[in-house]
Amino acid sequence: MASDEGSHYIELCNSPIKFEPISKQNNVFYDDANQQVFTVRSGGSMGVVVKGPNDRGSITFRMEDRGNVNSMKFSPDRRILAIQRSPKSVEFINFHEDQTTDTSEYSQTCKGRSTEIKGFVWTNVNEIVFITGNGAEFYQINPDKRSLKNLKSLNLSVVWYVWMSRPDGGMLLLSSGQLANALQPVYFIQGSMLKLPKFEVDLPALPKQPKQSLLERDVTMAYIYGQLYIIVLRHQPRPGAVGAEVVLYMVPQQKESPAKKTNVLKLEMSGRFAINVVDSLVVVHHQASKTSVIFDIQLDGDSDGFVTNHFPVVSPLPIKPFKMYLPTLNIQQGQDKMEYNCELYSANWIVFQPNIVIDAKLGCLWSVELKLEPLVTMIPDKCRLVKFLLQRQKSKVVILDVFRQMLMPGMQVGLPVISRILDMLNDGYMQYLDQEIQALAIEPSSQQDPRDRVIIDQSDMYTNVFAVFEDNSKIPYKFKVAVLIEYIRSLSQRDIPVQHYVYELLINTLVHNNCFYQLHQFLQYHVLSDSKPLACLMLSLETEYPPAHQLALDMLTRLATANEEIIEVLLSKNQLLPAVRFIRKAGITDTVSSRKFLEAAMNTLDKQLFFTVFKFFQQRNIRLRGSPVFHPGEHCEIYVKHFEELFGTDAIPQSVAVS
Amino acid sequence: MSKPGQISLLSFFIFNPTYGPKEGEEHKKIMYYYPTNVDIDTKIKQVGLCEAIITFTRTFSDKPCETLHTQKTRQVYFQPEKDFWMVMTVSVPFSEKTKDGQVSYEYHEEDVQDPVMEALLRQSYRMFTLFNGSIYYLLQKFDNNVQTLQTRLDHFFSRYVLTLRPVSSDLLDVFSGISFLPLDKNTYLKVQCFINVLESTFQQVKYTAFLYNDQLVWSGLEQDDMRIMYRYLTTSLFPAYLEQELQAAGMAPSPGTRHASTSNIGSVHYGKFVTGPPNVDNPKNMGKIPRLYVNTEEENEECLLLVYRALTASVCLLINSQHVVNFEMCTKLDQFLGQQLSNLASEISEQYSAKRPASSSMEPMYKYIYFNHMNLAQKSTVHVDSKKSSGVFVSQDTLKLLCDISSDLQRNNQDGETFVRTLTDCWVVGKKSDQREMVVVINQKNHNLIEVNDEVKKLCGLNFNSIFFQD
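Numbering of residues starts from 1 in every chain and runs along the sequence as written. Lettering for chains starts from A, numbering for ligands starts from 1, and both go in the order in which the items are written. Per-residue local features are limited, in this predicted model, to residues with pLDDT of at least 70; the limit for side-chain atom pairs, both in listing and counting, is 80 or more; totals at the level of whole chains, interfaces and linings are taken over all residues.

- Chain B appears in an unreviewed UniProt entry as Vacuolar fusion protein CCZ1 homolog from Dreissena polymorpha.

- As recorded in an unreviewed UniProt entry, chain A goes by the name Mic1 domain-containing protein, listed as coming from Dreissena polymorpha.

1. What about the overall build of chain A?
Piece 1. Helix and strand definitions follow DSSP, with helices as H or I runs of at least four residues and strands as E runs of at least two, each counted in order from the N terminus. When you go through chain A residue by residue, the secondary structure sums to 15 helices and 33 strands.
Piece 2. As a reference, a globule follows 2.2 Å times the number of residues to the power 0.38, and the radius of gyration itself is taken over C-alpha atoms. Over its C-alpha trace chain A gives a radius of gyration of 38 Å, far above what one expects of a compact globule, namely 26 Å for 659 residues.
Piece 3. Considering only C-alpha atoms, chain A reaches an extent of 120 × 60 × 60 Å along its principal axes.
Piece 4. Think of it as a crowd count around each C-beta: if 20 or more other C-beta atoms lie within 10 Å the residue is buried, if 12 or fewer it is exposed, and in between it is partly exposed, with C-beta placed from the backbone throughout. Residues counted as buried form 36% of the 659 residues belonging to chain A.
Piece 5. It is the C-beta atoms, placed from the backbone, that decide contacts: two residues are in contact if theirs lie within 7 Å. Nonlocal contacts in chain A, meaning residues at least 24 apart in sequence, comprise 48% of its contacts between residues at least 6 apart.

2. So, the nonpolar core
Residue and element names in this part refer to chain A.
Piece 1. Defined on buried residues, the nonpolar core groups Ala, Val, Leu, Ile, Met, Phe, Trp, Tyr and Cys residues joined through C-beta atoms within 7 Å. In terms of nonpolar packing, the biggest core is built from 287 residues, with Val-129, Leu-172, Leu-173, Ile-230, Val-246, Val-282 and Ala-552 touching the most fellow members.
Piece 2. If you tally residues by element for this core, the top one is helix α6 (residues 477–493), at 8 residues.
Piece 3. Setting aside its immediate chain neighbours within four residues, Leu-172 contacts Val-121, Val-129, Ala-136, Tyr-161, Trp-163, Val-186 and Phe-188.

3. Here's the deal with the interface of chain A and chain B
Piece 1. Contacts between chain A and chain B engage 30 residues on the former and 27 residues on the latter.
Piece 2. Of all the secondary-structure elements, those providing two or more residues to the side of chain A that touches chain B are α4 (415–441), α6, α8 (516–524), α10 (547–559) and α12 (576–586) of chain A.
Piece 3. Sort the elements by how many residues they give to the side of chain A that touches chain B and α6(A) lands first, with 9 residues.
Piece 4. Looking at the side of chain A that touches chain B, its residues break down into 13 nonpolar, 10 polar and 7 charged. Classification used: nonpolar for Ala, Val, Leu, Ile, Met, Phe, Trp, Tyr, Cys and Pro, charged for Asp, Glu, Lys and Arg, polar for all others including Gly.

4. Things to note about the environment of A:Leu537
Residues and elements named next belong to chain A.
Piece 1. One can find Leu-537 in helix α9 (residues 532–540).
Piece 2. A tally of 20 C-beta atoms within 10 Å means that Leu-537 is categorised as buried.
Piece 3. Along the backbone, Leu-537 and Ala-600 are 63 residues apart, and their C-alpha atoms lie at a distance of 23 Å.
Piece 4. Residues in contact with Leu-537, not counting those within four places in the same chain, are Glu-504 and Ile-507.

5. Side note on the packing of helix α13 (residues 594–603) of chain A against helix α14 (residues 607–625) of chain A
All names here are of chain A.
Piece 1. Only the contacting stretch of a helix is used when fitting its axis, a line to C-alpha atoms as for every element, and angles between N-to-C directions run 0 to 180 degrees. Where α13 contacts α14, the two axes come as close as 8 Å, and the packing angle between them is 165°. As far as their axial angle goes, α14 and α13 are roughly antiparallel. You can see that α13 and α14 cross each other, and the crossing is left-handed. Listed contacts from α14 to Ser-594, Phe-597, Leu-598, Ala-601 and Met-602 of α13 are Leu-609, Phe-610, Val-613, Phe-614 and Phe-617. Any angle between 65 and 115 degrees counts as roughly perpendicular, while under 35 counts as roughly parallel, over 145 as roughly antiparallel, and the rest as oblique. It is the rotation of the near helix from the far one that decides the hand of a crossing: anticlockwise by less than a right angle makes it left-handed, clockwise makes it right-handed.

6. Details of the sheet that holds strand β11 (residues 117–124) of chain A
All names here are of chain A.
Piece 1. In this analysis, strands are considered paired if DSSP registers two or more bridges between them. The sheet built from 4 strands is open, its strands ordered β11-β12-β13-β14 with antiparallel pairing. Two strands in the sheet have a free side with no partner beyond their single neighbour: β11 and β14 (147–155). Taken over all neighbouring pairs, the strand axes of this sheet differ in orientation by 25° on average, direction set aside.
Piece 2. Here 8 bridges tie strand β13 (residues 135–142) to β14, and the two strands are oriented antiparallel to one another. Residue pairing across strands places Glu-137 opposite Ser-153, the latter belonging to β14.

7. Focus: the pairing of strand β9 (residues 89–94) of chain A
Piece 1. When strand β8 (residues 80–84) of chain A meets β9(A), the two strands line up antiparallel, connected through 5 bridges. Within the sheet, the bridge partner assigned to A:Ala82 lies in β9(A) and is A:Phe92.

8. Here's the deal with the sheet that holds strand β16 (residues 416–421) of chain B
Residue and element names in this part refer to chain B.
Piece 1. Taken in spatial order, the 5 strands of this open sheet run β15-β14-β18-β17-β16, and their pairing is antiparallel. At either end of the open sheet lies a strand with only one pairing partner, and these are β15 (378–380) and β16. Here the strands of the sheet are splayed against their neighbours by 10° on average, with no regard to which way each runs.
Piece 2. In terms of strand pairing, strand β17 (residues 427–433) meets strand β18 (residues 436–442) through 7 bridges, oriented antiparallel. Bridge assignment links Trp-427 to a residue of β18, and that residue is Ile-442.
Piece 3. Sheet strands touched by helix α10 (residues 396–411): β14 (366–372), β16, β17 and β18. Its angle to β17, the strand with the most contacts, is close to 30°.

9. Considerations on the packing of helix α3 (residues 396–407) of chain A against helix α5 (residues 458–470) of chain A
Residues and elements named next belong to chain A.
Piece 1. Two elements in contact, α3 and α5, have axes whose closest approach is 10 Å; the angle formed by their N-to-C orientations is 25°. On the basis of the axis angle, α3 is roughly parallel to α5. By crossing handedness, the relation of α3 to α5 is classed as right-handed. Contacts between α3 and α5 involve Leu-400, Phe-403, Arg-404 and Leu-407 on the former and, on the latter, Asp-460, Asn-464, Val-465, Val-468 and Phe-469.
Piece 2. Residues belonging to the contact of α3 with α5 are distributed by class as follows: 6 nonpolar, 1 polar and 2 charged.

10. As for the domain arrangement of chain B
Residues and elements named next belong to chain B.
Piece 1. Domain extents, as shown, originate in an automatic or database domain assignment. Here chain B is partitioned into domain 1 (9–167), domain 2 (185–253 + 268–358) and domain 3 (363–463).
Piece 2. A straight line from the C-alpha centre of domain 1 to that of domain 2 covers 35 Å.
Piece 3. Counting residues at the interface gives 10 residues for domain 1 and 8 residues for domain 2.
Piece 4. Looking at which element gives the most residues to the side of domain 1 that touches domain 2, the answer is helix α2 (residues 114–132), with 7 residues.
Piece 5. Class assignment for the residues of the side of domain 1 that touches domain 2 results in 4 nonpolar, 5 polar and 1 charged.

11. A few points about unusual backbone geometry
Piece 1. Here the residue pair A:Gln353 and A:Pro354 is connected by a cis peptide bond, since its omega of -5° sits within 30 degrees of zero.
Piece 2. Mapped onto the elements, A:Pro354 comes out in the loop between β31 (349–352) and β32 (356–359).
Piece 3. A cis amide bond links B:Tyr34 with the next residue in sequence, B:Pro35, at an omega value of 0°.
Piece 4. With respect to the element layout, B:Pro35 can be found in the loop between β2 (30–34) and α1 (40–58).
Piece 5. Non-glycine residue A:Gln35 carries a positive phi angle of around 55°.
Piece 6. Position of A:Gln35 relative to the elements: it lies in the loop between β3 (26–31) and β4 (36–41).
Piece 7. Classification of A:Gln35 by C-beta neighbours within 10 Å gives buried; the count is 20.
Piece 8. For A:Asn126, which is not a glycine, the phi torsion comes out positive at approximately 65°.
Piece 9. Here A:Asn126 lies in the loop between β11 and β12 (127–132).
Piece 10. For A:Asn126, a count of 18 C-beta atoms within 10 Å gives the class partly exposed.

12. Examining α4(A)
Piece 1. When the terminal C-alpha atoms of α4(A) are compared, their 38 Å separation across 27 residues agrees well with the 39 Å that a helix rising 1.5 Å per residue should span.
Piece 2. Among the residues of α4(A), A:Leu415, A:Ile418, A:Ser419, A:Ile421, A:Leu422, A:Leu425, A:Asn426 and A:Tyr429 are the ones counted as buried.
Piece 3. In this fold, the buried residues of α4(A) make contact with α2 (382–390), α3 and α6 of chain A together with α6 (185–201) of chain B. Take the number of residues in a helix, subtract one, and multiply by 1.5 Å to get its expected span.

13. Points about the pairing of strand β1 (residues 9–15) of chain B
All names here are of chain B.
Piece 1. For β1, the buried fraction is high: 6 of the 7 residues fall into the buried class.
Piece 2. Inspection of the sheet shows β1 paired to strand β5 (residues 84–91) by 6 bridges, in the antiparallel sense. When the sheet's bridge partners are listed, Phe-12 is paired in β5 with Met-88.
Piece 3. Here β1 runs beside β2; their pairing, made up of 4 bridges, is antiparallel. Each bridged residue has a counterpart across the sheet, and for Ile-14 the counterpart in β2 is Tyr-32.

Right, here's the structure in full:
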C-alpha cells in the first residue's frame, strides 16, 4: 500500500504491549502514572502480570484472592503495590528487589464512617493520596514498619478527580459543585501538598435544557510546550454552534493566579472524541468519522486578546491502518496465529494521557506517534511547515530535507521565504547557544531544558544542505550566492559567529564564477569575518585576482596576532624594506629570525638591498649584545660570507668601540 | 568661458590616419573635431601635425607619444583603440607683466599637469563607450559605415566637450575613484539581501548597483564599468535630477509622498524613478531611459539603465536590451522597491547620522586624499563635496602639488613617503603603501619634520587602523 503511505500522519507504534484480553476471569487495569497494564487473573490467585513500555520485562506474581480488585498501582519505584478492593481501604504489598513479594498485606482505611475512597494515586516514592468523597488524604508509607502516617488532609466534596503524575510529584484535579465544574488543582511535591487557586469551567447554557454537568471523561491534563494545561472537551459550546471544541486552561507557573482559559481548538465535528497529546500537539480522535486531527497551539490562530482560536493544522485523516498477528479464533484451521486488519477507532478503545491507546478486548497497548514526512506535502506554505516542524522533536532530518528541496531546481521557492525560514532556524539556534553560555555561567547540570528542541546548526546546514547544492550545477550561482548571503545575514543579525566553511563555500562559489569584484566588496564590508584561514585562502587566490593579496594583508593586520604571517607574505613578495619597517613598527625586531630576512634579501640579487637588511640586523645585534656578530644559533654564516664577498671584510666592524 | 590667462580647452579631436592615407584625402581621417567653426584646412593641418609627431616619436620608443609641451599650449595624445587617436589641446596659463612699459607674458608651464589632462582624455573616451560601446563595436554594428561613426561621435562629444573643465580638474580626476559608504556589516547584508531578492524577482535585471547619496554601497558591475558609471551618476545624472526635483518642489508642495493619498497609512513611501517613468500613475510617459554599454560579462553588452530613488538611496538596474522595459514592469518595480527602499534608506541614514557628529566635532588641522588602486576606493577631505562644485579647502598651488607628489610616488614603484614644505609654510606629505596612496596637507606652520611625521602617523592610526598601511 505504498500509495497510501503519504496520507496518514498519525500512527500507532508498531510494537504494542500485548496483554491477555479482558474476560470473565481476567481483569485489566492501567496505571497511567507508571504506564503499566495489570492483568489480574481470578482476583490475583491465578497470577498478576504487569507490563509497560518503560519496563524491561514484565513483572509476574501471585496474590491471595481477597475479592474483586477495583484498582491496583505500583509505587514509582515499583517496591510497593497498592490494591483497592473495597471503598473503605487500600491494601499494600511490599516488593523486594528481585520482585518477590512479602506474603502478607497491610492496609489503610480512610477517615470517617461514611467516607468512600474514589481512588488513590502515588504522588512519590512512599507517598500516596486517597481521594474520597470528602476530599483527599495524604499519607506517607513506611514499608519496613508496614504502616502509614497521615501527612495532610483536604476537605472538599469531590465528584470526580483527574491525576497527572510528574517525576517529582503530580497534579491532582478535584471536581466539586453541583455541576462538577468547580475545579480544585492540588499540586504534590515530595512530602507536601499545595492547593492552587480554584477555578470554574464555564458550561454552555442551552435553552430549554438543564445544564449538563462536567464529566470526568471530558477533562484531562497534559504538558504542552512545557506548560501544564487542563484540557476540557465541550460537546456543544454555544447555542447554535455546530461542532465540539476543546478548551485549554493554562495552569500558571505562579501559584497565586488561577488557571486561565487560553486556547480554543475548533473541531467542527460532533460525536465521541478522545484526546491525546503527542509532541506538544493536541491530537483529537473522532470515532464517528474514524479520523484524527492535530492542533498546534503555537502555530497559528486568531486571538481576541484573551483566548486564541485554532483550527486543525491539516485536514482530518485516519490513523494509519495496520495489520497484526493475533491468536486465531478458528483453531480448526491448524493455524495458531492469523493476520488481522486491526480495527481503528474501535469502541473498545480507551485513551490515556499523554499518548496511550488501549484496546482491552484485543489486549494491546499502543503509543500514538506522529509521522512528519507526510505532513511535508500537506502543508504547502513552507514557512508554516518549518515553523510547525521546528516545534517537533526528532524533526531535524525532515527540516533539513525540506530546506534542501526548497533550493532544488524546479522546486525553488522565493528568496523572501528562504530568508524567513533561515531566520526561524537561526532563532532556535541562537537560543540554544545563549542557553549554552548561561549554562557555563552558572553551575553545570542545574539547568536543563525540559524539551529538547531541534537545533539546526551550521554544520547541519553545511553537510545536509549547502554541500549538496554546491555540487548541483543546475542551480544558478547567483541563487547559491543569494542563499548563502541570506544565511550569513541571518546568523550575523543574531550575533552568531559564522563558521569558516560557510565562508569558504561562498568564496568558492564566487571564485568559480569569476565574481572577484563581488567578493572584494564583501570583504571590504567585513561580511566575511576575519580569520587566519580566510586570509590564507585569499592569499591563494592572488594569482587569479591580484587584489586578494592586499585584502589578505589587511585581514592579517586586523587580526593583530598574525605578525609571523605578515612577515612571510612580505618576504615572499620580496618586499624586504616593508617587512623590515613592519617588524620595527610591531616592535618585534629583537625576536624575529634574521636568517629569514637575509635569505630573502640575498635572493633578490639586489646588492644594495642586501646591504641595508644586513646592516639593519647588525645594528640590532649591537643593541642586543653589544656586538654586530650574529649569534651562532641564528645560522647566518653564509650570509656573512656573502656580505664579505660583496663588500669586503672591512665592511664588517669586528668589534664596537664602546667602552 | 574662462578668464584669459587661465587654462582652457583649445581643441579636441579624434582621427584615424588609416582612413585617408592618400594625398587629398586627408579630411577623411578626421572623425570629430572641436571647435567646429574652424575651416577644414586648419583641421587637416592640426591632425596632420599630430600624426607626424606620433609617427616621429615612434622611432624612439615603443610607447606611443603622450604629450607635447609648447610654450603656449599642451597637447595630450591617447590611442584608445587601434588606429584611433584622441587629441586634446589646452592653453598654458599665463600672467601679464609690465616691464619698462612693455607688456610681456609669462607662461606657467607647470600649472598644466599631464596626468590630469591624460585622465580627462581617457575619461571622455570611457564616457563615450559607456553610452555607445567601443568604436570598433560601432563600426561592426553599422557595417563599417564611417559616417555613422562620425555622427555618433559628433552627437556625443559636441555636448561632452562643453562639460570639460581643465581648470577645476585635479588629482581626483586622475584617480577617478569611487567613494564607498561606510556601513556596518548587518546593514550591508540587508542591502545585499534586498538586491538578491530584487534580482531574483525581476529576472530581467542583470546588474544592480546601490548608492546612498553619492556613495557606493554595492555594485554588481565590474570595477571598470562601475567606475565610469559612478562618474556618470554622480557628476551628471544625480545633480540634474536633484535640480529638477528642487524646481518641482518650489512649484508643487510635497512632491515626494505621492503614495500617501493612494494607499493606506503606514505604506507611505518616497520611491521615484530617476530614469524611467517620472510618474507611475501616468502610463503615457515612459520618461528617458539611458542605454549603456558595459563589459562585465561580455564586451559591449547593451543595457538599459533604470534608476530608482527613495530618499537618498538609489538603485541602478541594468536590464539587458533584449528585454523590453515597459510601463507594466516599471509599476511592478515601483511596488516592489518603493517601501523596501524607503525603509532601507532611513535605516542607513540613522546609522549615517549617528556616525556623523564625531567627525565634525573636532576640526582636523589636516586635509587628505586617500586612494586605493585595488578597489578604487577614494576619500577626500580636501574637497567640499565629491562633485567638486563647491570648491576645495586648500590653495590651487597645494592642490597641484598633491597631484605632483602622487604621480612621483606612482612612478617609483616602491613604497615610500615624500615630505614637502610649501612656500606658505604648509606641510604636504605623500605616502604610498602597496597599492594605496595618501596625500596629506598639514596646516601647522611651526611643525618640524619629526612632528609632521608624528602627525601623519596619528592620522593613519585614526583613519586606517584596519588596513595594512605602512608608516
